[in-house]
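Below, each chain spelled out in residue letters.
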Amino acid sequence: MKIFRDIVEMQRWSMEQRISGATIGLVPTMGYLHKGHLSLIEEARVDCDLIIVSIFVNPTQFGPNEDYGKYPRDKEGDIEMCEKAGVAAVFIPDVDTMYSHDASVCVIENSLSQGLCGQSRPTHFGGVCTVVAKLFNIMQPNVAVFGQKDYQQVAVIRRMVQDLNFAVEIRVAPIVREHDGLAVSSRNMYLSNDERQQALSINSALNLAHESFFSGQDSAVEIKNLVIRQLHEHCMDVDYVEIINGFDLNPVETVQMGDVVVVAAFCGKTRLIDNCIL
Ligand code: AMP
């Protein structure tokens, strides 16, 4: 497995692979890899000849009071996991490599980024779009795989790809959960035992929403209240609960099949997100 820290070397290698006819699947991550990330690698493997995993804790997608500094990192463990997963190359740049001190261009998506996580984290999606655009230019992938867990992120990236004409196919992999239903996340390592028990209420609330909808409830307000009550009963601090159209991400009043229940909630200081496509 190749390990690249330099942009030009990474770019040159990727171009050589493309010229030789190989299809490249990119899995962008912030590292501290888990089975959710591995599922994206598996998805890329389906029809890509080579898989590149990028590992970069991107400072520009964190707000000033967020957890950039203490975000979990384990470069050696990550490299080992990639090697075992049959990844062809890992791109693991430093911050100074990715951003020159006078960088002055960024990519902003102005519509889908506004609500939900974009409301609580106003600079987040600008950081995400900019780094993903850079990764696409560096790695030149045919396919890039993202997780449904970050539902809004996928929608924003699809929009960026469409509007800026990136020749990259965006694929989405389902949410991987722990045996008890908690969505796997690098941030779960922040949770104490008690908090982890509380956090299970996110999945149970989403299950309630699902059951309620498929038992005939189609009022978004009613379903949202059910979810919020369940979260409050477990002392979660709700950032947002919304039922949205899966394409334009606008909140709906009458719920239909294909709409998405999206949740962001704090468990102690840890902000967790999850969702369920109805
Ligand atoms: P992150 O390293 O948290 O930025 O995540 C990198 C990619 O992995 C993103 O596309 C996430 O949506 C995806 N991902 C994170 N957690 C999961 C999960 N539990 N199941 C599936 N994909 C995930």
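Note that the coordinates shown come from a computational prediction; the quantities given were computed from them, not determined experimentally. (Residues numbered from 1 in each chain as written. Predicted model: local features only at pLDDT ≥ 70, side-chain atom pairs only at ≥ 80, totals over all residues. Heavy atoms only, no water.)

(A) Inspection of the packing of aromatic side chains at higher detail. Evaluation of the coordinates by the stated rule reveals six aromatic pairs. Between Phe56 and Tyr99, the ring centres sit 6.2 Å apart and the planes meet at 40°, which makes this aromatic pair tilted. Of this pair, Phe56 sits in the loop between strand E3 (50-55) and helix H3 (75-84) while Tyr99 sits in the loop between helix H4 (95-98) and helix H5 (117-120), and the two are 43 residues apart along the sequence. Its relative accessible area of 7% is what places Phe56 among the buried residues. Across from the ring centre of Tyr190, 4.3 Å away, lies the NZ or CZ of Lys70, which sits over that ring. (Phe/Tyr/Trp six-rings, centres within 6.5 Å; stacked < 30°, edge-to-face > 60°. Helix = DSSP H or I, 4+ residues; strand = E, 2+ residues; numbered from the N terminus. Buried < 20%, exposed > 50% of the residue type's maximum accessible area, 1.4 Å probe, protein only. Lys NZ or Arg CZ within 6 Å of the ring centre and 35° of its normal.)

(B) Examining the domain arrangement of the chain more closely. Once the domains are mapped, the chain shows domain 1 (2-173) and domain 2 (186-277). For domain 1 versus domain 2, the distance between C-alpha centres works out to 26 Å. Contact with domain 1, which involves 20 residues of that partner, is made by 18 residues of domain 2. Considering only the side of domain 1, the residues that lose the most area to domain 2 are Leu116, Lys149 and Tyr151, jointly responsible for 35% of the buried surface there. At the boundary of domain 1 with domain 2, the tally comes to one salt bridge. For the salt bridge of Asp67 with Arg187, the shortest nitrogen-to-oxygen distance reads 2.8 Å. Where domain 1 touches domain 2, the interface holds eight residue pairs in polar contact (both at pLDDT 80 or more). Those elements that place two or more of their residues in the side of domain 1 that touches domain 2 are H5 and helix H7 (151-164). Sort the elements by how many residues they give to the side of domain 1 that touches domain 2 and H7 lands first, with three residues. (Domains from an automatic or database assignment. Contact = heavy atoms within 4.5 Å. Buried area = accessible area lost by both parts, 1.4 Å probe. Salt bridge = Lys/Arg side-chain N within 4 Å of Asp/Glu carboxyl O. Polar contact = N/O pair within 3.5 Å; in protein donor to acceptor, adjacent residues only side chain to side chain.)

(C) Examining unusual backbone geometry more closely. One non-glycine residue with positive phi stands out, namely Tyr32, at about 55°. Secondary-structure assignment places Tyr32 in the loop between strand E2 (24-29) and helix H2 (35-45). Residue Tyr32 is classed as partly exposed on the basis of its relative accessible area of 29%. Backbone geometry at Cys235 places phi at a positive 60°, although glycine is not the residue there. Its place among the elements puts Cys235 in the loop between helix H9 (220-233) and strand E7 (237-244).

(D) View of the side chain of Ser201. Structurally, Ser201 is set in helix H8 (residues 193-214). For Ser201, the residues in contact, after removing those within four places along its chain, are Gln230, Leu231, His234 and Met236.

(E) Representation of the site of the ligand. As a matter of local geometry, the ligand sits amid 17 residues, with His37, Gly147, Asp150, Val176 and Val184 nearest to it. Contacts to the ligand include Met30, whose backbone N or O atom sits 2.9 Å from an oxygen atom. Asp150 places a side-chain nitrogen or oxygen 2.6 Å from an oxygen atom of the ligand. Protein chains bury 92% of the 480 Å² of accessible surface belonging to the ligand in isolation. Looking at the shell around the ligand, the elements that each hand over two or more residues are E2, H2 and strand E5 (143-147). Partitioned by chemical class, the residues of the shell around the ligand number nine nonpolar, six polar and two charged. (Near = heavy atom within 4 Å. Areas by Shrake-Rupley, 256 points an atom, 1.4 Å probe, with all protein chains shown as cover. Nonpolar A, V, L, I, M, F, W, Y, C, P; charged D, E, K, R; others polar.)

(F) Structural detail: helix H6 (residues 124-139). With 16 residues, H6 extends 22 Å from end C-alpha to end C-alpha; this agrees with the ideal 22 Å at 1.5 Å per step. Counted residue by residue, H6 has 14 buried out of 16 residues, so it is predominantly covered. Just past H6, the residue Gln140 takes up positive phi, approximately 50°. (Expected span 1.5 Å × (residues − 1).)

(G) Examining the nonpolar core more closely. Within the largest apolar cluster, 48 residues are counted, with the highest numbers of intra-cluster contacts made by Met10, Phe91, Met98, Phe136 and Ile170. Here this core gets 10 residues from one element, more than from any other, and that element is H6. When we break this core down by domain, the ones giving at least three residues each are domain 1 (2-173) and domain 2 (186-277). Counting residues in hydrophobic clusters, the runner-up holds 25 residues, among them Val241, Val252, Val263 and Ala265. (Core = buried A, V, L, I, M, F, W, Y, C linked by side-chain atoms within 4.5 Å.)

(H) A look at H9. Over its 14 residues, H9 runs 20 Å from end to end, which matches the ideal 20 Å to within 8%, given 1.5 Å per residue. Those residues of H9 that sit buried are Ala220, Ile223, Val227, Gln230 and Leu231. Down the axis of H9, the buried set is contained in an arc of 105°. They therefore lie on one face. Relative to its buried face, H9 has exposed residues pointing more than 90 degrees away, namely Val221 and Glu233. Just downstream of H9 lies Cys235, where phi reads positive at about 60°. (Arc of directions from axis to C-beta.)

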